[in-house]
Amino acid sequence: MAQQSSATSNAPNLQKYLDLPQKGQIMAEYIWIDSDLAVRSKVRTLPYKEGGYAASELPQWNFDGSSTGQAPGENSDVYLRPVAVYPDPFMRGDNILVLTECWNPDGTPNKFNARYEAAKLMEAHADREPWFGLEQEYTLLDLNDRPYGWPVNGFPAPQGPYYCGVGAGKVVMRDIVLAHYKACLYAGINISGTNAEVMAAQWEYQVGPCKGIEQGDQLWLSRYLLARVAEEFGAKVSFDPKPIPGDWNGAGLHTNFSTKEMREEGGMKHIEDAIKKLESRHKEHIAVYGKGNELRLTGRHETGSIDVFSAGVANRGASIRIPREVAAKGYGYFEDRRPASNADPYLITGIMMETCFGAVDK
Ligand code: ADP
Ligand code: MN
Ligand code: MN
Ligand code: MN
Ligand code: MN
């Protein structure tokens, strides 16, 4: 018998309400990042505006930071400042998703607002024209926190058939992957691809190339969309970098990076310069590349060791990989394979700029 779960939605019932007219009002879903790097959101009504709202035209809002680990109970208001607006693929029409930054009442950025520093770095080094492309890996879990489709007491067959797999027994929940892809396209997220991953129930999608701060914005919004889509299908999304110990691949957030100089003829010299700088700040990067990453960066399962920096052409066991095609052409981009799937893209892209091109005043 099919299990009825209160966690899933009833699409046919919902549809007749979604079709109701809104009488000159829109729904704006304000989204923020909490102290556990999970997304949170709440909705408010705004008057319909011809041509839509720019982020700067949207009102500031607030929430109870004591309920999200972002403020003390006696001074609990945290402000939400809109920074980017996207069409809402769930409510459609004129309704919008609003990505926000968290600010304290005293006018300082909230401790968990990593976007503020990253945006300053992007602005200071805008003449470099930085592009990023992030590969978001994740694992789908059932409501008992078991990877989706895995036997309750035991393990699926060893890794091998699952990567880019096609067919029952190799991949699960492709509906979620496809629905998320369409939701990203509708919202204007620069999703560039998707594939099933090496561990059963693990998937990847890529967002990019995006310029500067937009990479963090778009990746966070894509995470929000994924959580919403998976919620409807009754699945949990895990960004744990090593969801299953042992001979199972972990999950990363490979970060592809280039500047204008790297993308032009002779760019390899600039790629090599950047890699030298990255080597000198390995520890500082690892510190912001995600919690629990030491369980993933073991030197096995297509990773480099967490303690030793390394770089190589087409080497998936290195910290930094220069794609074969880039080495052959002599220009292009490189891939930092160290970031974990649960890392904050604002911290990754920010420290990349800081290490390669210098800090800005705090
Ligand atoms: P992999 O071979 O490591 O699995 P993917 O194809 O999954 O690589 O992801 C590569 C990512 O790199 C994509 O998001 C793509 O948009 C991005 N990318 C491509 N060219 C550049 C570039 N010049 N600068 C930054 N990112 C780039
Ligand atoms: Mn209330
Ligand atoms: Mn990839
Ligand atoms: Mn991958
Ligand atoms: Mn990769």
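Because the structure is a prediction, the values reported are computed rather than measured.

Asks: Got a sec to walk through the overall build of the protein chain? Specific residues and values, please.
Replies: Secondary structure summary: the protein chain contains 9 helices and 13 strands in total. Taking 2.2 N^0.38 as the reference for a compact globule, 362 residues should give roughly 21 Å; the C-alpha atoms of the protein chain span a radius of gyration of 21 Å, in line with that estimate. Each of the three principal axes of the protein chain carries a C-alpha extent, and together these read 60 × 55 × 40 Å. Counting all 362 residues of the protein chain, 41% fall into the buried class. In the protein chain, of all internal contacts separated by at least 6 residues, the share reaching a separation of at least 24 is 66%.

Asks: I'd like to hear about unusual backbone geometry, residue by residue, with values.
Replies: For the bond from glycine 208 to proline 209, the omega torsion is -5°, close enough to zero to count as cis. Within the secondary structure layout, proline 209 lies in strand S8 (residues 202-211). Despite not being glycine, lysine 23 shows a phi value in the positive range, around 55°. Along the chain, lysine 23 turns up in the loop between helix H1 (11-18) and strand S1 (25-33). Lysine 23 gets classed as exposed once you count the C-beta atoms within 10 Å, which come to 6.

Asks: Hey, could you go over the site of ligand 1 for me, with residue numbers and the actual values?
Replies: As a matter of local geometry, ligand 1 sits amid 17 residues, with Gly133, Gln206, Asn256, Ser258 and Tyr333 nearest to it. Sorting the residues of the shell around ligand 1 by element identifies strand S6 (131-141), strand S7 (191-196), S8 and strand S10 (253-258) as the ones contributing at least two each. Grouping the constituent residues of the shell around ligand 1 by class yields 5 nonpolar, 9 polar and 3 charged.

Asks: Describe the pairing of strand S5 (residues 96-103), listing the residues and the values that go with them.
Replies: Burial of S5 is extensive: 7 of the 8 residues sit out of reach of the surface. As judged from the 4 bridges shared by S1 and S5, these two strands associate in the parallel manner. If you follow isoleucine 31 over to S5, its bridge partner there is leucine 99. Bridge count between strand S4 (residues 77-87) and S5: 8 bridges; the pairing is antiparallel. Bridging from a neighbouring strand, tyrosine 79 pairs with tryptophan 103 of S5.

Asks: I'd like to hear about the nonpolar core, residue by residue, with values.
Replies: One finds Val98, Leu140, Ala187, Leu221 and Leu225 to be the most contacted residues of the largest nonpolar core, which totals 83 residues. Broken down by element, this core gets its largest block of residues, 8 residues, from helix H4 (residues 214-232). For this core, the two domains that each supply at least three residues are domain 1 (23-112) and domain 2 (123-357). The residues contacting valine 98, other than those within four sequence positions of it, are Ala28, Glu29, Tyr30, Ile31, Leu58, Pro82 and Val85.

Asks: Could you give an account of the UniProt feature "domain: GS catalytic" (unreviewed entry) in the protein chain, naming the residues involved and the relevant values?
Replies: In the numbering adopted here, UniProt assigns the feature "domain: GS catalytic" (unreviewed entry) to residues 114-362. Within residues 114-362, the helical portion is 35% and the strand portion 18%, while the C-alpha atoms at the span's ends are 12 Å from each other.

Calculation rules
- Residues numbered from 1 in each chain as written.
- Chains lettered and ligands numbered in written order.
- Predicted model: local features only at pLDDT ≥ 70, side-chain atom pairs only at ≥ 80, totals over all residues.
- Helix = DSSP H or I, 4+ residues; strand = E, 2+ residues; numbered from the N terminus.
- Rg over C-alpha atoms; globule rule 2.2 N^0.38 Å.
- Buried ≥ 20, exposed ≤ 12 C-beta atoms within 10 Å, placed from the backbone.
- Contact = placed C-beta atoms within 7 Å.
- Near = placed C-beta within 6 Å.
- Nonpolar A, V, L, I, M, F, W, Y, C, P; charged D, E, K, R; others polar.
- Pairing = 2+ DSSP bridges.
- Core = buried A, V, L, I, M, F, W, Y, C linked by C-beta atoms within 7 Å.
- Domains from an automatic or database assignment.
- UniProt positions renumbered as here; feature names shortened; annotations may be inferred.

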